[in-house]
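Analysis of the macromolecular model
Below, each chain spelled out in residue letters.
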Amino acid sequence: MGKAFGGARRIIFLLFFAGVGLLPGRAQEQGAIGEVNVHVGLDAQTQVGVSWTCSDSLVDASLLVFNPDGTLFFNQGHVPSRASGTEYTYRVLLTGLRPGTRYSYTVAGPKDSVQGYFNTMSSDPKVPVRFVYIADPQVKTAADAEAAGSNFDYINQEANIDFLYVAGDHTNKKGNGEQWAWLFRNGGGYPMAGEDMFRHLTLVSTQGNHDNSWLDHRIAIPSALGGGCEFKDGVYAVSAGVLRFIILNDASSHTEGLADNSDVQAQAKFLRAQVEEARALGQWVAVGFHKALYTGASHVDDRDVEAYRRYWNPIFTQLDVDMVLAGHDHVYSRGFVDAQGRKASQLVEGSALPTYAHVAGAPLHVVAEHAGGYKWYKAVSYVPQPGDLLVADYAFLDRNSAQEHPTSRDKREQTYILVELDTQKATFTVYKSKYDPEVDARVTARYIYDQFVVLGKQ
């Protein structure tokens, strides 16, 4: 076991490992360390999980973690792997960390080492929060990876980011090691942007329908409900300064009898408890999951999305959740939606940026389009079914990139969102850019596509 430094601080070390398949294409050099990332633990203020891969069998690796003053906090000299194919994953859970602190770390193997840093979340509910929100990198091909790498490079230029939120579909096919390799090592003009981003930004991830619940052992996603089934895996909450971010799981397409499903009810119970705690502290409440309930493109009337909407919208509106941040539909859309599925936004006059007042029982629903280069969805004509909490023609939205001219499907740009929250307001800045793999270059530099402010409860 590792040695803990720093007085009476107690460190619990847990190691998980699993063999996965050989990574062709952009796999790291034999025996090299790669795909390093840090994910929040069940207590995001004191716990993180560190994950990485190595492409050699029976290779010992080491993890060292350093306090902000450079003193050694944790040292595990021989993190083992088990022989199973030619690619191996490692996962270490660190606990006993100090809230609101930046730690640095080194992961070392027999041929190289990788340095990074991570943040723990602040325990002070008045501390502002800055995070980056992306949806559906969904890397499928080398060309997709190049476009994602360009977007990741822009994210790497953002300063003072507390965490990175990925709203599911990290790759296109669960269990595909080549696609995971491309997510981290992107090729093209920004070949290592993914490796750089993931090893420096503390992750908050949710499972997408193209992911499995254990994210191929690449990312140490926690499960507050114990896991073991599709509606309990990957459900957890992040308390970070002024924000309580509650991650639910709607990746499954098995939505028959959703309201009577005890595991879904366990999610709802967990949500209610987290919201109650957050309200007592005066925090903003955000919910994150993959399949958007209110979106501007073709998934809006899918049978599973309709079932989730019927179940979750009454709960979100009754609890007065502030925002719901999702993915799945590869479109940028936003709107404040009430209990009947109607548009409920209230603009405040006289502000430099579009500014929206808090409307009780009308959460802001956002879909963050597409972080990579695979696909963009279009708006469709749909007829709301009886009892569905939905109105026609996307009239619940304030903005929808699929209904613009040219549409986002025509423009095929990469998107990320910077979210900044303090005790009074939340500011959303939406950045777009475009990388064209055919010419191996950015053809549209990063620009602000949308920016708006949401006021807190007065």
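Figured I'd write up the structure that's included with this text. (Residues numbered from 1 in each chain as written. Predicted model: local features only at pLDDT ≥ 70, side-chain atom pairs only at ≥ 80, totals over all residues. Heavy atoms only, no water.)

**Focus on the sheet that holds strand β16 (residues 323-327)**
Sheets are built from strands paired through backbone hydrogen bonds, the pairs being either parallel or antiparallel. As a reminder, the rule being used: We call two strands paired when DSSP finds no fewer than two bridges between them. Here a strand is any run of E in DSSP of at least two residues, a helix any run of H or I of at least four, and the numbering for each starts at the N terminus. In this analysis, two residues are considered to be in contact whenever any of their non-hydrogen atoms come within 4.5 Å of each other. Here, axes are lines fitted to C-alpha atoms. For helices the fit covers the stretch in contact, and angles between N-to-C directions go from 0 to 180 degrees.
In space, the 7 strands of this open sheet follow the order β13-β14-β15-β16-β19-β17-β20, with mixed pairing throughout. Of all strands in the sheet, those bounded by a partner on one side alone are β13 (236-240) and β20 (399-400). Sheet topology places strand β17 (residues 332-336) next to strand β19 (residues 364-368); 5 bridges connect them, and they run antiparallel. Along β19, the bridge assignment pairs S333 with V367. Where helix α4 (residues 262-281) meets the sheet, it contacts β13, β14 (243-247) and β15 (284-291), and its direction lies at approximately 175° from that of β14.

**Description of the nonpolar core**
Stated precisely, the cut-off is as follows: Buried Ala, Val, Leu, Ile, Met, Phe, Trp, Tyr and Cys residues form a nonpolar core when they are joined through side-chain atoms within 4.5 Å. Relative accessibility under 20% of the residue-type maximum defines a buried residue, over 50% an exposed one, and the middle range a partly exposed one, all with a 1.4 Å probe and only protein chains included.
Counting 64 residues, the largest nonpolar core has F131, Y133, F163, Y165, F245 and F428 as the members making the most contacts within it. Excluding anything up to four places from it in sequence, Y165 contacts F131, V132, Y133, I134, V204, T206, F245, I247, G288, F289 and L325. Ranked by size, the runner-up nonpolar core spans 41 residues in total, among them V235, L271, V287 and Y394.

**Some points on the packing of α4 against helix α5 (residues 303-319)**
Formally: We call two directions roughly parallel when the angle between them is under 35 degrees, roughly antiparallel when it is over 145, roughly perpendicular when it lies between 65 and 115, and oblique otherwise. Note on convention: the crossing is left-handed when the near helix lies turned anticlockwise from the far helix by less than a right angle, right-handed when the turn is clockwise. Amino acids are sorted into nonpolar (Ala, Val, Leu, Ile, Met, Phe, Trp, Tyr, Cys and Pro), charged (Asp, Glu, Lys and Arg) and polar (every other residue, Gly among them).
Interhelical geometry of α4 versus α5 gives an angle of 15° and a closest axis separation of 11 Å. As the angle between them shows, α4 and α5 are arranged roughly parallel. Between α4 and α5 the crossing geometry is right-handed. On the side of α4, the interface is formed by V264, Q265, Q267, A268, L271, R272, V275 and R279, while α5 contributes Y311, W312, I315, F316, Q318 and L319. Of the residues assigned to the contact of α4 with α5, the class counts are 9 nonpolar, 3 polar and 2 charged.

**Details of the side chain of N151**
Relative to the helices and strands, N151 resides in helix α1 (residues 142-156). With near-sequence residues (within four places) excluded, N151 lies in contact with A371, Q414, T415, Y416 and S433.

**Side note on α5**
Heads up, the rule is: Expected span, for any helix, means 1.5 Å times one less than how many residues it has. Here the bend at a residue is taken as the angle between two axes, fitted respectively to the seven residues that end there and the seven that start there.
With 17 residues, α5 ought to run about 24 Å at 1.5 Å a step, and its terminal C-alpha atoms sit 25 Å apart, in line with that. Along α5, the sharpest kink reaches roughly 35°, centred on W312 and followed within four residues by the proline P314. Judged by how many residues are buried, α5 sits mostly within the fold: 13 of 17 residues are covered.

**Overview of α4**
For clarity, the cut-off: Here, the arc refers to the directions that run from the helix axis to the C-beta atoms.
For α4, built from 20 residues, the straight-helix expectation of 28 Å at 1.5 Å per residue is met to within 8% by its first-to-last C-alpha distance of 29 Å. Within the sequence span of α4, burial applies to V264, Q267, A268, F270, L271, Q274, V275 and A278. What you see down the axis of α4 is that its buried residues fit within an arc of 160°, all on one side. Facing away from the buried side of α4 by more than 90 degrees, the exposed set consists of K269, E276 and A280. Looking at the buried positions of α4, the neighbouring elements they touch are β13, β14, β15 and α5. One or two residues past the end of α4 sits G282, with phi positive at roughly 75°.

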